[in-house]
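Each chain is listed here by its residues.
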Amino acid sequence: MTGRWSPLRRVLSLAAALGLWQALTSYDINVWLRFEQFPTVTEVARAYADRVSGDAYWQDLTDSLTRIVTGFALAAVLGVTVGTAVARSQLAADLLGPVLEVLRPVPAIALVPVAILLFPSNEQGIVFITCAAAFFPVMVSTRHAVRALTPVWEEAVLTMGGGRWRILWSVVLPGALPGILGGLSVGIGVSWICVISAEMISGEYGVGYRTWQDYTVVDYPGVFVGMVTIGLLGWLTSTAVELLGRRLTRWLPRAEGRPAAPVRHRPAPAATAAVPSVRTAQERVRS
């Protein structure tokens with residue numbers, strides 16, 4: 001019954017948020033928060049319809065998607081490889097661990113000057129920033145997931161004659177896969193934040209670049225069109241990562257939507273048998 005009404009509740013939640021937005025902006029509510037300069041939902045919808053009918057919108061969308069997919073794919077491969085190596089090899093942990101821990105607190109968007117100096121084009125620099133943003137969540141989650149594996153599985157493969165690569169492909173990666181997918185889910189969100197910021201700073205095309213240009217010319221409906229587009233793209237890519245994770249982990253037990261079985265408490269036979277014996281002992285003492 002609960003799952004049946006879930007889509008309806010989600011639609012009603014979105015409709016309520018849009019209705020509140022329309023009401024606050026239509027009546028120019030100005031109580032601490034100023035909504036008088038905000039565009040209404042209808043104005044944003046008209047601006048969105050105008051943008052969709054032009055080629056520039058789809059060009060910006062294609063450029064941003066190309067950057068995010070390229071950078072995220074590189075981060076996924078590098079993050080899983082480095083995280084597994086650091087967790088499995090003491091040599092790799094000694095050589096790469098200190099460098100990674102020093103670089104990990106640095107925000108990826110702070111690497112924009114480094115990208116400008118390193119790469120000959122802005123396109124390569126934005127892909128580098130996107131990759132750096134997603135790399136550390138994937139690497140850290142992979143490292144913790146691999147270290148948390150029980151050694152019994154590895155010992156079982158060794159007992160059956162399996163080698164190092166057999167252990168890696170049959171034990172380590174499948175066992176750490178749920179943790180890796182968690183890092184990928186976090187990484188895709190961070191990647192969108194950084195790719196949009198990089199496009200605003202040094203990009204020539206893309207959704208972030210177009211949104212910033214609309215802000216500079218005081219086109220607030222265009223700014224909100226960019227924000228809606230970013231939200232939709234982020235939701236689609238996050239959903240794609242989640243669906244891929246569910247497909248790769250079909251062997252895991254699923255407990256969603258299943259009510260827990262009631263637990264029935266029954267008295268232990270030994271305890272019930274012990275009661276009359278204690279009473280008999282007390283009667284004997286009294287007598």
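Nothing here was measured: the structure is a model prediction, and the numbers come from that model. Going along each chain's sequence as written, the residues are numbered from 1 onward. With the structure being a predicted model, the display of local features is reserved for residues of pLDDT at least 70 and the display and counting of side-chain atom pairs for 80 or more, all residues being used for whole-chain, interface and lining totals. In computing side-chain values, all of the structure's heavy atoms are included and hydrogens and water are not.

Moving on, we get to a nonpolar patch on the surface. A patch consists of residues whose relative accessible area exceeds 30% and which take part in no salt bridge; residues with like charges are grouped when within 9 Å of each other, and nonpolar side chains (Val, Leu, Ile, Met, Phe, Trp, Tyr) when within 5 Å. Note on areas: Shrake-Rupley with a 1.4 Å probe; residue coverage comes only from the protein chains shown. Within this document, salt bridges are pairs made up of a side-chain nitrogen of Lys or Arg and a carboxyl oxygen of Asp or Glu, the two lying within 4 Å of each other. On the surface, Met200, Ile201, Trp212, Tyr215, Val218 and Tyr220 cluster together into a nonpolar patch covering about 580 Å² of accessible area. Secondary structure counts use DSSP, requiring at least four H or I residues in a row for a helix and at least two E residues in a row for a strand, with both numbered from the N terminus. For the nonpolar patch, the elements supplying multiple residues, two or more each, are α8 (164–202) and α9 (207–216). Mapping Tyr220 onto the fold places it in helix α10 (residues 220–248). Residue Tyr220 is classed as partly exposed on the basis of its relative accessible area, which comes to 30%. Partly exposed residues are those whose accessible area sits between 20% and 50% of the maximum for their type, while under 20% is buried and over 50% is exposed, using a 1.4 Å probe and protein chains only.

Before going further, it helps to examine the pattern of salt bridges. One pass over the full model with this rule turns up 8 salt bridges. Put simply, Asp214 and Arg51 hold a salt bridge, and the shortest N to O gap is 2.9 Å. Here the residue Asp214 occupies a position in helix α9, and Arg51 occupies one in helix α2 (residues 41–52), the gap between them amounting to 163 residues. Asp214 gets classed as buried once you look at its relative accessible area, which sits at 7%. For Arg51, a relative accessible area of 22% gives the class partly exposed.

On average, residues of the protein chain score 83 in pLDDT, and 87% of them reach the 70 mark or higher. Put simply, helix α11 (residues 269–286) is where the protein chain has its lowest mean pLDDT, 43, and helix α3 (residues 55–88) is where it has its highest, 93. A residue's pLDDT is the confidence the predictor assigns to it, expressed on a 0 to 100 scale. Residues are treated as being in contact if the distance between any of their heavy atoms lies within 4.5 Å. Within the model, the stretch residues 268–287 combines pLDDT values under 50 with 1 contact to residues more than four positions away or in other chains.

Moving on: the nonpolar core. As a rule of thumb, soluble globular proteins bury nonpolar side chains together. Among the nonpolar cores identified, the biggest contains 50 residues, and Leu100, Ile129, Phe135, Met139, Leu184 and Trp192 are the most heavily contacted of them. Taken together, the elements giving at least two residues each to this core come down to α2, α3, α4 (90–103), α5 (112–118), α6 (122–147), α8 and α10. Ranked by residues supplied to this core, first place goes to α8 with 15 residues. With near-sequence residues (within four places) excluded, Ile129 lies in contact with Ala108, Leu111, Val112, Ala115, Cys194 and Ala198. Put simply, a nonpolar core is a bunch of buried Ala, Val, Leu, Ile, Met, Phe, Trp, Tyr and Cys residues held in one set by side-chain atoms that sit within 4.5 Å of each other.

Quick look at the packing of helix α1 (residues 6–26) against α2 now. As a rule, the C-alpha atoms of each element are fitted with a line to give its axis, helices using only the stretch in contact, and angles between N-to-C directions run from 0 to 180 degrees. The interhelical angle for the contact between α1 and α2, taken along N-to-C directions, is 105°, at an axis separation of 8 Å. Taken together, the axes of α1 and α2 lie roughly perpendicular to each other. Here Leu18, Trp21 and Gln22 of α1 come into contact with α2, specifically with Val41, Thr42 and Val44. When residue character is reported, Ala, Val, Leu, Ile, Met, Phe, Trp, Tyr, Cys and Pro are called nonpolar, Asp, Glu, Lys and Arg charged, and the others, Gly included, polar. A per-class count over the contact of α1 with α2 returns 4 nonpolar, 2 polar and no charged. The cut-offs work like this: below 35 degrees is roughly parallel, past 145 is roughly antiparallel, 65 to 115 is roughly perpendicular, and the gaps in between are oblique.

Right, let's talk about the environment of Pro105 for a bit. On the secondary structure map, Pro105 appears in the loop between α4 and α5. By relative accessible area, Pro105 is classed as exposed at 63%. Distance in space between the C-alpha atoms of Pro105 and Phe136 is 9.4 Å, their sequence separation being 31 residues.

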